[in-house]
Amino acid sequence: MKSPLKILVVDDEPIVRESLRDWLENAGHRVLVADNGMRALELIRQEEPRVAIVDLVMPGMDGIALLKQAKEVCPETEIIIITAYGTIPTAISAVREGAYDYIEKPFCPEKAEILIEKLVERQRLVEENISLHHMLQERGQFENIIARSSKMRQVVEVIKVVAKSNATVLITGPSGTGKELVARAIHAQSRRRTRPFVAVSCAALPESLLESELFGHEKGAFTGAHSQRRGKFEVAHRGTLFLDEIGEMSANIQIHMLRVLEEREFTRVGGNDLIKVDVRVISATNKDIKAAIAAGQFREDLFYRLNVVSIDLPPLCERREDIPILAHHFLKRFALENQKEVRDFTPEAMDFMMSYDWPGNVRELENAIERAVILSTDSCIQRCELPQDRRVGESWPRQTQSLREMERQHVFNVLSQCECNYSKAARTLGISRATLYNKIKSYGQPERPAEKSVE
Ligand SMILES: Nc1ncnc2c1ncn2[C@@H]1O[C@H](COP(=O)(O)OP(=O)(O)OP(=O)(O)O)[C@@H](O)[C@H]1O
Ligand SMILES: [Mg+2]
């Protein structure tokens, strides 16, 4: 049997309330009723019903006022407005304000049934998805993000907290470290999860096209604008807009962005009408934005707007504990996709993966394993099936690698061999613990790995 849903019916007329209640209860749902807006709001706050069927005209708080407040209190509750013939234009504006749809009074039973059933089915799918999510989380998976290292576990904790808010998030980190994956996870954990997640790369388009991609354009705004087009900000309404590679945004677009983030409204290219949107912005960059600000290439005020919460993803070589679990995760996936019976890595292959620097980070590891699975002829991936061209310390050409960079790599390798025991690492390197701390600090490492033991 399909799982019952919690549905709230709000009407000041007892006959409408009771007939809807009977019908919905007969269909197997759990029905709550309220005869006024204030009581309804209280029930929405406490019970978080999936669907609310709300009369438009009621004494005290009317349907529109209730809709607006309900969207603040519990955005997941979808609202159907009940309207009499004379109030249809108001019902239409309620739909613009976020109601799912409206039904006319007196009800045409078939029409009302179809509409309610459609919404109920949709909400049931949402519900089932949410419980699936919880199940996966309990099994130690978090939105496809594999996180064993303390740094990545911290990232996951930040995602969980930040997903509950509407705060703008800036995700930084080198290429291939999982920035987009994190942005999707925030969206999927947020109340916006049933709304669109729209990704735009600021590096993929020239300035003029990017402007119309983001904000849309009116017909005839420029040569080739044959019809009106909605921009990604509009498409992402009530959802999340993921702006990738923001370091590539031109000065003009930066001004536009600042205005949208401040006012939550904008005009289409070539248009005059102000368009209001409710969009959560998550942005990402693999550039050093602070350096771009210092060089006058990125607006500081925009940076502060985008960077309300920041998440910095460390390169893979700074969280080697994640390598084995990531490697097995990709191995399983590609073995399945390619219908191969590969289940493990030889010790030499694992040694190589643990010591290689992975300049392309998780993406490089993923690609290397995909290739290895395709090439493999055995149940274990061999060392020779993994990348041959670059070995540890050779991810940058020798001639251009500075002494400091070599020192940094050596220090981290030793630290990792000593399992983050600072005293042991300092002894191996022949320096004092204080010198080791200072060196690590000077490498721009924001925090040191947790220490195993202190002498
Ligand atoms: N922690 C992780 N667990 C599982 N898969 C991961 C993880 N991090 C990254 N990946 C995978 O690695 C690949 C690259 O990730 P993603 O595209 O999110 O990186 P990115 O930081 O946005 O890269 P770029 O800067 O090049 O755009 C994706 O296929 C992603 O699924
Ligand atoms: Mg990316």
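Conventions and cut-offs
- Residues numbered from 1 in each chain as written.
- Chains lettered and ligands numbered in written order.
- Predicted model: local features only at pLDDT ≥ 70, side-chain atom pairs only at ≥ 80, totals over all residues.
- Heavy atoms only, no water.
- 1 Å grid on protein atoms, 1.4 Å probe; cavity = no way out; pocket = protein on both sides within 12 Å on 5 of 7 lines; lining within 4 Å.
- Points joined across faces, edges and corners; volume = space filled by probe spheres on them.
- Domains from an automatic or database assignment.
- Nonpolar A, V, L, I, M, F, W, Y, C, P; charged D, E, K, R; others polar.
- Near = heavy atom within 4 Å.
- Polar contact = N/O pair within 3.5 Å; in protein donor to acceptor, adjacent residues only side chain to side chain.
- Areas by Shrake-Rupley, 256 points an atom, 1.4 Å probe, with all protein chains shown as cover.
- Helix = DSSP H or I, 4+ residues; strand = E, 2+ residues; numbered from the N terminus.

Asker: Outline empty space enclosed by the protein, listing residues and values.
Answerer: One water molecule sets the probe size; rolling that probe over the atoms shows where empty space is left. Applying the stated criterion across every chain, the model contains two cavities of 30 Å³ or more. Every residue lining the largest cavity is listed: Cys317, Glu318, Arg320, Asp357, Arg408, Gln409, Phe412 and Asn413. Lining the lining of the largest cavity are residues from two domains, each supplying at least three of them: domain 3 (316-385) and domain 4 (398-442). Put simply, the second largest cavity is a space of about 40 Å³. In terms of lining residues, the second largest cavity is bounded by Phe233, Val260, Leu261, Arg264, Val277, Val279 and Val281. Of the residues belonging to the lining of the second largest cavity, the class tally is six nonpolar, no polar and one charged.

Asker: Go over the site of ligand 1 with me, naming the residues and quoting the values.
Answerer: The full set close to ligand 1 counts 16 residues, and Ser175, Gly176, Lys179, Arg363 and Glu366 are the nearest of them. At 2.9 Å from a nitrogen atom of ligand 1 is found a main-chain nitrogen or oxygen belonging to isoleucine 146. Protein contacts shield 85% of the accessible area of ligand 1, which totals 640 Å² for the unbound molecule. Contributions of two or more residues to the shell around ligand 1 are made by helix H7 (179-189), helix H13 (322-337) and helix H15 (361-375). When its residues are assigned to classes, the shell around ligand 1 shows six nonpolar, six polar and four charged. Two domains each donate at least three residues to the shell around ligand 1, and these are domain 2 (149-312) and domain 3 (316-385).

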